[in-house]
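# Reading the structure
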Amino acid sequence: MKPKRKSPVWHPFTQHGLQDEMTKIARGDGAYLYAADGSRIIDAISSWWVVTHGHCHPRIVSAIQEQAGRLNQIIFAGYTHDPAEEVAAQLLKFTPDGLDHVFFSDSGSTSVEVALKMAGGYWHNIGKHRSRIVVMEHSYHGDTIGAMSVGARSVFNAAYGPLLFEVTTIPFPAKGHEQAALDALDSICRKERPAAFIVEPLILGAGGMLMYPAWVLREMKQICEASDVLLIADEVMTGWGRTGTLFACEQANVTPDIACYSKGLTGGALPLAVTLCRADIFDAHYSQDRTRTFFHSSSYTANPVACAPQALTWISGGTKTLATK
Ligand SMILES: Cc1ncc(COP(=O)(O)O)c(C=O)c1O
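Residues numbered from 1 in each chain as written. Predicted model: local features only at pLDDT ≥ 70, side-chain atom pairs only at ≥ 80, totals over all residues.

## Quick look at the overall build of the protein chain
- In terms of regular secondary structure, the protein chain is built from eleven helices and twelve strands.
- Here the C-alpha atoms of the protein chain give a radius of gyration of 21 Å, agreeing with the 20 Å that 2.2 N^0.38 yields for 325 residues.
- Judged by the C-alpha coordinates and their principal axes, the protein chain covers about 60 × 50 × 40 Å.
- Evaluated residue by residue, the protein chain yields a buried proportion of 38% over its 325 residues.
- Partitioning the intrachain contacts of the protein chain with sequence separation of at least 6 by distance along the chain shows that 71% fall at a separation of at least 24. (Helix = DSSP H or I, 4+ residues; strand = E, 2+ residues; numbered from the N terminus. Rg over C-alpha atoms; globule rule 2.2 N^0.38 Å. Buried ≥ 20, exposed ≤ 12 C-beta atoms within 10 Å, placed from the backbone. Contact = placed C-beta atoms within 7 Å.)

Okay, structure coming up:
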């Protein structure tokens, strides 16, 4: 018989039949987590790759506290606020030239959903019927239905298979097989005229830290460009310096048409994500006609408290500030 659980909480990616008791964390400080029993744990996974400046960095904490007392939530359709404007302005200073518009959401998965809808909206609004998405073998883009659809099919999503939409998959460009992957992409782009190719630049994280070189990414961009296929770069994992440059696309000197960033965007303190796009993708939605609107929102879009840490500005401020703790 199923033993009675102590807690009603259902944890993510957790088989409660194998692990019913969770380690209770009481607080975090820098690289460390402190469990309720007093033991100290090194947060070597930076809490799912999000904590870029350490837990409870005083600068982040005080920015959150200050913003929470001023404006803590506001509908973002028809309204704006300084924290969101500032995040967007700072982002455009650091992201590849050619990405001009910033759409907010609240997780890596939702930033991918937004990217897929932006691509769909673009082709729809310019009157071309392109909807197929091309993906790379072993990819991971999140756990919402659209994000799962463009990720690798496996035990993680087998139960939801009937809900997922069909995609075309190119092989992973493993060492020695790069050209085969590029040829496959080229042939699909020419024959199927897809809407977009979504890719994790340089490293497939959840797929097993599979790496491929920058020249492959550069050639993939050229192939997409030649067939007018939008390149979506999912930098949710690779962003914020995890590959040595601020964003992985920099190493290939590539500006994607659409880019997704999340995780370290707030220094890992609060959920926030952005999807950036080229001007003409925004322009395809810009009209006096409401039916051409980008129909996406969620209640907490660009929540002011989530925007407050402004972890980005630290990059321009230099590492000195970071070292003060
Ligand atoms: C490349 C990539 N995209 C998307 C996601 C989904 O992000 P989130 O867990 O914030 O929804 C992840 C999460 O690890 C990821 O690594």
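Moving on from the model shown.
## Quick word on the site of the ligand
- The full set close to the ligand counts 14 residues, and Gly108, Ser109, Gly142, Val236 and Met237 are the nearest of them.
- Counting residues per element, the shell around the ligand draws most heavily on helix α4 (residues 108–125), at three residues.
- Of the residues contributing to the shell around the ligand, the split by class is five nonpolar, seven polar and two charged. (Near = placed C-beta within 6 Å. Nonpolar A, V, L, I, M, F, W, Y, C, P; charged D, E, K, R; others polar.)

## Things to note about unusual backbone geometry
- Look at Phe13: it is not a glycine, yet its phi comes out positive at around 45°.
- The residue Phe13 is located in the segment before β1 (25–29) in this model.
- Unusually for a residue other than glycine, Ser46 sits at a positive phi of about 40°.
- Secondary-structure assignment places Ser46 in helix α1 (residues 46–49).

## Regarding the pairing of strand β11 (residues 258–261)
- Burial along β11 is two-sided: the face carrying Ile258 and Cys260 and the face carrying Ala259 and Tyr261 are both buried.
- Where strand β10 (residues 230–234) meets β11, three bridges bridge the pair, whose relative direction is parallel. Bridge pairing links Asp234 to Cys260 in β11.
- Sheet topology places β11 next to strand β12 (residues 273–277); four bridges connect them, and they run antiparallel. Its bridge partner being in β12, Tyr261 is matched across the sheet by Val274. (Pairing = 2+ DSSP bridges.)

## Observations concerning the domain arrangement of the protein chain
- Per the domain assignment, the segments of the protein chain are domain 1 (21–50) and domain 2 (58–322).
- Domain 1 and domain 2 are separated by 28 Å when their C-alpha centres are compared.
- Each side of the interface is counted separately: domain 1 has four residues, and domain 2 has four residues. (Domains from an automatic or database assignment.)

## A closer look at the pairing of β10
- When you tally the buried positions in β10, you get five out of five residues, the bulk of the element.
- Neither face of β10 is exposed, since Leu230, Ile232 and Asp234 on one face and Leu231 and Ala233 on the opposite face are all buried.
- Bridge count between strand β7 (residues 196–199) and β10: four bridges; the pairing is parallel. Bridged to Ala196 within β10 is Leu230.

## Looking at the packing of helix α6 (residues 178–192) against helix α7 (residues 214–226)
- At a minimum axis separation of 9 Å, α6 and α7 run at an interaxial angle of 15°. Of the possible angle classes, the one that applies to α6 and α7 is roughly parallel. Relative to α7, α6 is oriented so that their crossing is right-handed. In this structure, α6 uses Glu178, Leu182, Leu185, Asp186 and Cys189 to contact α7, whose residues at the interface are Val216, Glu219, Met220, Ile223 and Cys224.
- Per-class residue counts for the contact of α6 with α7 are seven nonpolar, no polar and three charged. (Axes fitted to C-alpha atoms, helices over the stretch in contact; angles between N-to-C directions. Parallel < 35°, antiparallel > 145°, perpendicular 65-115°, else oblique. Left-handed = near helix turned anticlockwise from the far one by under 90°.)

## So, the sheet that holds β1
- Read across the open sheet, the three strands follow the order β1-β2-β3; overall the sheet is antiparallel. If you trace the sheet from one side to the other, it starts and ends with β1 and β3 (40–42), each paired once. Within the sheet, the average angular offset between the axes of one strand and its neighbour, ignoring direction, is 30°.

## Considerations on helix α3 (residues 82–94)
- For α3, with 13 residues, the first-to-last C-alpha span of 19 Å sits near the 18 Å given by 1.5 Å per residue.
- Those residues of α3 not exposed but buried are Pro83, Ala84 and Val87. Along the axis of α3, the buried residues cluster in a sector spanning 100°; they form a single face. Turned more than 90 degrees off the buried face of α3, the exposed positions are Ala89 and Lys93. (Expected span 1.5 Å × (residues − 1). Arc of directions from axis to C-beta.)

## Some points on the environment of Val102
- Checked against the element boundaries, Val102 lands in strand β4 (residues 101–105).
- The sequence separation of Val102 and Cys277 amounts to 175 residues, and the corresponding C-alpha distance is 6.8 Å.

## Some points on the sheet that holds β11
- Taken together, seven strands build an open sheet; the order of strands is β4-β12-β11-β10-β7-β5-β6 and the sheet is mixed. Edge positions in the sheet fall to β4 and β6 (168–170), since each of these pairs with one other strand and no more. Going from strand to strand, the sheet's axes swing by 20° on average, the running direction of each strand aside.
- Two strands pair when backbone bridges link them, and strand β5 (residues 133–136) and β7 are joined in this way by three bridges, in the parallel orientation.

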